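Listed here are the chains, written in short residue letters.
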Amino acid sequence: YHICRYSRVMLRLDLEQSTIKWGDKMLFIIIAVIVFVLDRLTKHLVATQMLPGQTIPIIEDFFHLTYIENAGAAFGIFRNRTWFLLAVTVIALLFVIYLAFTLARKNKLMILALGLIMGGALGNMLDRFRTGMVVDFLDFRGIWPYIFNVADIGLVCGVMLLGWRIIMDIKE
């Protein structure tokens with residue numbers, strides 16, 4: 001009887017722990033999907049409602065919607081190297097998935113960061129795979145010289161949060 005009761009308690013503990021892990025995995029997936037869907041939706045709206053090069057001032061001389069097609073990576077680097085960028089993205093995504101399903105357990109900030117990175121990387125990767133270019137449209141003329149998109153926001157915020165988390169772990 002004691003062995004059976006002990007087995008039930010251990011089984012309950014295992015299920016509770018796997019539920020926590022599954023919840024973390026779901027949070028990672030949900031964040032990635034939200035970023036990806038927002039990115040796809042906004043890019044679709046821009047690509048179907050604007051012409052390449054067209055700009056719409058939202059706040060004059062500060063924030064415009066400007067439709068460009070970027071054949072490179074961040075800041076236009078690696079221009080027209082689509083297959084290289086796709087390969088790097090796949091390797092980075094595999095690393096992000098590994099981190100999310102192993103090291104990030106029970107660390108909500110790290111899971112958030114990795115979900116943002118995953119969603120952003122998938123959004124830009126799909127553009128590159130389909131057309132060889134990424135649709136960019138967020139143009140903060142008053143403070144930033146580059147045009148970017150929702151996927152870029154996810155990537156940058158995710159990398160910043162991940163860096164902050166790593167620095168905090170080093171301090172501890």
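To keep things clear, this report deals only with the structure shown in the data block.

Turning our attention to the packing of helix α3 (residues 108-131) against helix α4 (residues 150-171). Packing of α3 against α4 brings their axes to within 7 Å, and their N-to-C directions diverge by 150 degrees. If you check the angle between α3 and α4, you find them roughly antiparallel. Judged by the twist between their axes, the crossing of α3 over α4 is left-handed. Every residue of α4 that contacts α3 at L109, M110, L112, A113, L114, L116, I117, G120, A121 and N124 is listed here: A151, D152, G154, L155, C157, G158, V159, L161, L162, W164 and R165.

For D61, which is not a glycine, the phi torsion comes out positive at approximately 60 degrees. Within the secondary structure, D61 sits in the loop between β1 (55-59) and β2 (63-70). For D61, a relative accessible area of 59% gives the class exposed.

Moving on, we come to the pattern of salt bridges. Overall, the coordinates contain 4 salt bridges when judged by the stated rule. A salt bridge links D127 to R40; its shortest N-O distance comes to 2.6 Å. Of this pair, D127 sits in helix α3 while R40 sits in helix α1 (residues 2-49), and the two are 87 residues apart along the sequence. For the residue pair D127 and R40, the accessibility class agrees, reading buried in each case.

Reading across from one edge, β1-β2-β3-β4 is the order of the 4 strands in this open sheet, with antiparallel pairing throughout. Looking at strand neighbours, the two that pair on one side only are β1 and β4 (147-148), the edges of this open sheet. Summarising the sheet, β1 and β2 pair through 4 bridges and their orientation is antiparallel. In the strand pairing of β2, I56 is matched with L65. Helix-sheet contacts for α4 involve β3 (134-140) and β4, and the interaxial angle to β3 is about 75 degrees.

What follows deals with a nonpolar patch on the surface. On the surface, M26, I29, I30, V33, I34, V37, L38, V90, L94, I97 and F101 cluster together into a nonpolar patch covering about 880 Å² of accessible area. Counting only elements with at least two residues in the nonpolar patch, the list comes to α1 and α2 (82-101). Inspection of the secondary structure puts I97 in helix α2. Residue classification places I97 among the partly exposed positions, given a relative accessible area of 33%.

This part takes up the packing of aromatic side chains. Applying the stated criterion across every chain yields a total of 5 aromatic pairs. In this structure an aromatic cluster arises from ring pairing among F62, F63, F140 and F148.

What counts as what
Residues numbered from 1 in each chain as written. Predicted model: local features only at pLDDT ≥ 70, side-chain atom pairs only at ≥ 80, totals over all residues. Heavy atoms only, no water. Axes fitted to C-alpha atoms, helices over the stretch in contact; angles between N-to-C directions. Helix = DSSP H or I, 4+ residues; strand = E, 2+ residues; numbered from the N terminus. Parallel < 35°, antiparallel > 145°, perpendicular 65-115°, else oblique. Left-handed = near helix turned anticlockwise from the far one by under 90°. Contact = heavy atoms within 4.5 Å. Buried < 20%, exposed > 50% of the residue type's maximum accessible area, 1.4 Å probe, protein only. Salt bridge = Lys/Arg side-chain N within 4 Å of Asp/Glu carboxyl O. Pairing = 2+ DSSP bridges. Patch = residues over 30% accessible without salt bridge, like charges linked within 9 Å, V, L, I, M, F, W, Y side chains within 5 Å. Areas by Shrake-Rupley, 256 points an atom, 1.4 Å probe, with all protein chains shown as cover. Phe/Tyr/Trp six-rings, centres within 6.5 Å; stacked < 30°, edge-to-face > 60°.

Spatial relationships are all this shows, so hold off on functional conclusions.
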